[in-house]
Amino acid sequence: MSSNLFEDTDSILSEERIFPPTQEMVDNANITAYMKSKGFDEYEAFYKWSLENRYEYWDDMAKELHWFEPWQKTFEWTEKPFFKWFVGGKINIVYNCLDRHMETDVRHKVAFHWEGDGGETRSITYEQLYVETNRLAKGLQNLGIKKGDRVAIYMPAILEQIVAVLAVARLGAVHTVVFGGFAASALRDRIIDAEAKLVITADGNHRGGKLIKLKQISDEAVAETPTIEHVVVYNHQQLEVPMKEGRDIYWNDLLADVPADTVVPCEPMDSEDLLYILYTSGSTGKPKGVVHVQGGYAVGAYATTKFVFDIKDDDIYWCTADVGWVTGHSYIIYGPLMTGVTSVLFEGTPAYPNPDRWWSVAERFKVTILYTSPTGIRGLMRFGEEWPAKHDLSHLRLLGSVGEPINPEAWMWYRHNIGHDELPIMDTWWQTETGSILISPTIIQPLKPGSATRPLPTIEADVVDKNSKSVGLGKGGFLVIRHPWPSQMRTIYGDPARYLTYWETLPNVYFAGDAATIDKQGFIRVQGRVDDVIKVSGHRLGSMEIESSLVSHPAVAEVAAIGKPDELKGEHVKVFVILKNGFEPSDELAKELKLHVRTTVGALAVPEELEFTPSLPKTRSGKIMRRVIRAKELGEPVGDTSTLDG
Ligand code: WTA
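If you're wondering where the values come from, they're calculated on a predicted model, not measured in any experiment. (Residues numbered from 1 in each chain as written. Predicted model: local features only at pLDDT ≥ 70, side-chain atom pairs only at ≥ 80, totals over all residues. Heavy atoms only, no water.)

1. Description of the overall build of the protein chain
A tally of regular secondary structure across the protein chain gives 20 helices and 30 strands. Based on the C-alpha atoms only, the size of the protein chain along its principal axes is roughly 70 × 60 × 50 Å. Taking as baseline every contact in the protein chain between residues at least 6 positions apart, the subset at least 24 positions apart corresponds to 71%. Total accessible area on the protein chain is roughly 23,400 Å²; 50% of this is exposed by carbon and sulfur atoms. Across the protein chain, the mean location of the 68 positive side-chain charges is 3 Å away from that of the 89 negative side-chain charges. (Helix = DSSP H or I, 4+ residues; strand = E, 2+ residues; numbered from the N terminus. Contact = heavy atoms within 4.5 Å. Areas by Shrake-Rupley, 256 points an atom, 1.4 Å probe, with all protein chains shown as cover. Lys, Arg positive; Asp, Glu negative; His and termini not counted. Charge placed at Lys NZ, Arg CZ, Asp CG, Glu CD.)

Pasting the structure below:
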């Protein structure tokens, strides 16, 4: 963590535009119905109530799910900061995703429309997903997989990836999904850490036209892991792959004798039993295995999907993330399936074969809710407005963003070009560790570009100093949450000491490393990771603010800002700039960009150094890895790069 950690962050970005909801949105929102049932018609008053009645709120949410046995106690803070939710309850999240829909009309509804990288499509109903999940669960049972076993899933974004996740959880086994683009070493380290017995993979797949040989990579990884007993291979591309006798088995062979009416009952799990381990990068050392449990996670993912995305029966919902990161877990698989919505699953990349691929997918499937990332938006902005303009996006009614602060410029572009100047954007702040969205508007609240706005019900978010004291409105500090929530991680797998740092870095609060401010109107603006904060002449600047200024210049597509040691100023700003198509690097342009920062944010933030670059190191989920850029720039060790893309 940065040595600057215990100082305030100065806020240099000011944003005055506010977009209120329409009366129609307010009247029809899922959250309005719930608020009314509690006697409220206004969010802020309801939010205050929720802080004082958090157990009532979460009981209400949990009661909308199916439990094999009810919980006896909503929350228990046993040995601080370890805690439990829905104590004594028995549940299986997969029962809530599939089985209970078999008794309603959802049974015949499409669960997923899938589109492959090359344009092929398939759709699967809830009933078919139920059948395939049961069959695979039986196959896995035949391989000896049982409650508590760890299973690594290393697959492309295909329907079988979802079937695999659900089949594992159905048995009460623990999945660890590894993004199907990670290298062999990343897969190996995760298998070793989780002590997985089984890998489920595919022969290979295409992404952006490029072939990824998953089975080959998985073989390399498995060769160095002592715990793997079997490898199940789904034949997605009909590639010839080596199969190791006794260890490897084709998915189709495993299921050859498993009839379609096979039912493997969902394992009744304790609320606090493990559901999954998902690895996320730490700045040093090995990746952290974030542990999520069945009960609280199910309730959190369900409630946030329902309220933030305002899911209705006839929606077509598309989250562009990959199942290999937490957004895919909570908002491609579990949350949406629990609500019974129809979703889109897309295997390809945003700009292949053309920069309108996403807009074409959204048009053809008549997508109504689109949840994507700032990096996706910025990446497509650079190709120009003509690409989305080719498509009929009139079915869309709600937009979402996650993963990074969304620069006001990108926010406005998103609203204008994708949201036909009227759609609300849910800028959702959360983390792998939080399991579900914590700070986000709902469809009934006013929006401000670049701000995740307000905490969701019961979430006691604050911006504090090093003593966990509120810094007050308009001041920068550390973004913290004061009380646990159901979907929160329970520990770091095999490393509880590392879990403690989240609760012990600042006294008595959950702190996971972001800097933020709350402005005079109460809007929360996340400024980025504390590690990425730059300190110039005693002022702490969020990397996001400098980057936002540059992204608002017409020539600029993407930017990374880092701090470099400076004898005079402590640190000075260096920026790496990717230009939009049609712009060429030049000294004049560099000068113009610096002037642009001076006029939009002020002299303090003007980059001393500006370098044009064709690309930036990013995580697989699209976050710019400023830590890696800084280390390279300063000739320091880069630390854990297992999540680095490319
Ligand atoms: C950042 C992704 C600003 C933040 C779900 C957080 C955001 C980290 C936002 C977690 C947002 C995510 N505004 N920053 N709306 N969403 N972040 O674990 O720094 O991949 O701590 O989870 O992403 O990233 P993770």
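After that view, the rundown keeps rolling.
2. Points about the pattern of salt bridges
Per the counting criterion, the structure on display carries 42 salt bridges. Glu 558 is paired through a salt bridge with Arg 378; the nearest N and O atoms lie 3.4 Å apart. Of the two residues, Glu 558 is situated in strand E28 (residues 556-566) and Arg 378 in helix H14 (residues 374-381); the sequence distance between them amounts to 180 residues. Accessibility assignment for this pair places Glu 558 and Arg 378 in one class, buried. (Salt bridge = Lys/Arg side-chain N within 4 Å of Asp/Glu carboxyl O. Buried < 20%, exposed > 50% of the residue type's maximum accessible area, 1.4 Å probe, protein only.)

3. Quick word on the sheet that holds strand E4 (residues 110-115)
Strand order across the open sheet formed by seven strands is E5-E4-E17-E16-E18-E19-E20, with mixed pairing between neighbours. Lying at the two open borders of the sheet, with one neighbouring strand each, are strand E5 (121-125) and strand E20 (425-428). Taken pair by pair, the neighbouring strands of this sheet meet at an average axis angle of 20°, ignoring direction. Lying on the sheet, helix H6 (residues 126-142) is in contact with E4 and E5; it crosses E5 at an angle near 85°. In this fold helix H12 (residues 326-339) packs onto E4, strand E16 (316-319), strand E17 (342-346), strand E18 (369-372) and strand E19 (398-402), with an angle of close to 165° to the strand it touches most, E16. (Pairing = 2+ DSSP bridges. Axes fitted to C-alpha atoms, helices over the stretch in contact; angles between N-to-C directions.)

4. Notes on helix H19 (residues 587-600)
Since the α-helix packs 3.6 residues into each turn, any two residues three or four apart lie on the same face. The terminal C-alpha atoms of H19, which comprises 14 residues, lie 20 Å apart, in line with the 20 Å expected from a rise of 1.5 Å per residue. Those residues of H19 lying buried are Leu 589, Ala 590, Leu 593, His 596 and Val 597. One side of H19 carries all its buried residues, which in axial view fall inside an arc of 115°. When the buried face of H19 is taken as reference, the exposed residues oriented beyond 90 degrees from it are Asp 587, Glu 588, Lys 591, Leu 595 and Thr 599. Here the buried face of H19 lies against helix H18 (543-551), E28, strand E29 (570-579) and strand E30 (609-612). Just downstream of H19, Gly 602 is the residue with a positive phi angle, here 125°. (Expected span 1.5 Å × (residues − 1). Arc of directions from axis to C-beta.)

5. Some details on the side chain of Arg 630
Take Arg 630: it is sitting in helix H20 (residues 626-634). For Arg 630, a relative accessible area of 18% corresponds to the buried category. Sequence-distant contacts of Arg 630, that is, excluding residues within four places in its chain, are made with Asp 531, Asp 532, Ile 562 and Gly 563.

6. A look at the UniProt feature "domain: AMP-binding enzyme C-terminal" (unreviewed entry) in the protein chain
Those places that UniProt annotates as "domain: AMP-binding enzyme C-terminal" (unreviewed entry) correspond, in this numbering, to residues 545-623. Strand forms 32% of residues 545-623 and helix 27%; the C-alpha atoms that close the span are 16 Å apart. (UniProt positions renumbered as here; feature names shortened; annotations may be inferred.)

7. With respect to the pairing of E29
Among the ten residues in E29, nine count as buried, and that is most of the element. Direction of pairing for E28 relative to E29: antiparallel, over a ladder of ten bridges. Residue pairing in the sheet places Val 559 in a bridge with Val 577 of E29. The antiparallel hairpin formed by E28 and E29 contains three residues in its connecting segment. The sheet contact formed by E29 and E30 spans four bridges and is parallel. Considered in E30, the bridge of Val 575 is made with Leu 610. Handedness of the crossover joining E29 and E30 through H19: right-handed. (Right-handed = clockwise from strand over helix to strand, strands pointing away.)

8. Comments concerning the site of the ligand
In the vicinity of the ligand, 17 residues are found, and the nearest of them are Asp 427, Thr 428, Gln 431, Thr 432 and Asp 514. Backbone polar atom of Glu 404 to a nitrogen atom of the ligand: 3.3 Å apart, as the coordinates give it. Within the side chain of Asp 514, a nitrogen or oxygen atom sits 2.8 Å from an oxygen atom of the ligand. Taken by itself the ligand offers 520 Å² of open surface, and the protein chains cover 94% of this. Of all the secondary structure elements, the ones that give two or more residues to the shell around the ligand are H12, E20 and strand E25 (524-529). Of the residues belonging to the shell around the ligand, the class tally is seven nonpolar, five polar and five charged. (Near = heavy atom within 4 Å. Polar contact = N/O pair within 3.5 Å; in protein donor to acceptor, adjacent residues only side chain to side chain. Nonpolar A, V, L, I, M, F, W, Y, C, P; charged D, E, K, R; others polar.)

9. Some words on unusual backbone geometry
With an omega of 0°, the peptide bond between Lys 80 and Pro 81 qualifies as cis. Relative to the helices and strands, Pro 81 resides in the loop between strand E1 (73-76) and strand E2 (84-87). Here the bond from Tyr 352 into Pro 353 is cis, since omega is 0°, no more than 30 degrees from zero. Along the chain, the position of Pro 353 falls in the loop between E17 and helix H13 (357-364).

10. Concerning the confidence of the model for the protein chain
Interpreting fine coordinate detail is not advised for predicted regions of low pLDDT. Chain-level statistics for the protein chain give a pLDDT mean of 93 and a share of 96% at 70 or above. The low-confidence segment residues 1-8, where pLDDT is below 50, has 24 contacts with residues more than four positions distant or belonging to other chains. (pLDDT = per-residue confidence, 0-100.)

11. Observations concerning the sheet that holds strand E21 (residues 461-464)
Taken in spatial order, the four strands make up an open sheet running E21-E22-E24-E25, and their pairing is antiparallel. Across the chains shown, the open sheet's two edge strands, defined by having one partner strand only, are E21 and E25. For this sheet the average axis-to-axis angle between neighbouring strands, irrespective of direction, equals 45°. Looking at chain direction, E21 and strand E22 (residues 476-481) are connected through four bridges and run antiparallel. Counted as the bridge partner of Val 463 is Leu 479 from E22.

12. Brief notes about the UniProt feature "domain: Acetyl-coenzyme A synthetase N-terminal" (unreviewed entry) in the protein chain
Using the residue numbers shown here, the UniProt feature "domain: Acetyl-coenzyme A synthetase N-terminal" (unreviewed entry) corresponds to residues 43-97. Between the end C-alpha atoms of residues 43-97 the distance is 29 Å, and the span holds 45% helix and 18% strand.

13. Observations concerning the packing of aromatic side chains
This model, assessed by the stated rule, comprises 39 aromatic pairs. Taking 5.7 Å as the distance between ring centres and 75° as the angle between the ring planes, the aromatic pair formed by Phe 75 and Trp 77 counts as edge-to-face. Among the residues examined, Phe 75 registers a relative accessible area of 11% and is labelled buried. Residue Trp 77 is classed as partly exposed on the basis of its relative accessible area of 25%. Ring centres of Tyr 297 and Tyr 334 lie 5.9 Å apart, and the angle between their planes is 90°; on these two criteria the pair is classed as edge-to-face. On the criterion of sequence distance, the pair formed by Tyr 297 in helix H11 (residues 294-308) and Tyr 334 in helix H12 is long-range, its members being 37 residues apart. Given a relative accessible area of 0%, Tyr 334 falls into the buried group. Pairwise contacts between aromatic rings join Tyr 55, Trp 67, Trp 71, Phe 75, Trp 77, Phe 83, Trp 85, Phe 86, Trp 485, Tyr 502, Trp 503 and Tyr 510 into one cluster. Across from the ring centre of Trp 77, 4.4 Å away, lies the NZ or CZ of Lys 80, which sits over that ring. (Phe/Tyr/Trp six-rings, centres within 6.5 Å; stacked < 30°, edge-to-face > 60°. Lys NZ or Arg CZ within 6 Å of the ring centre and 35° of its normal.)

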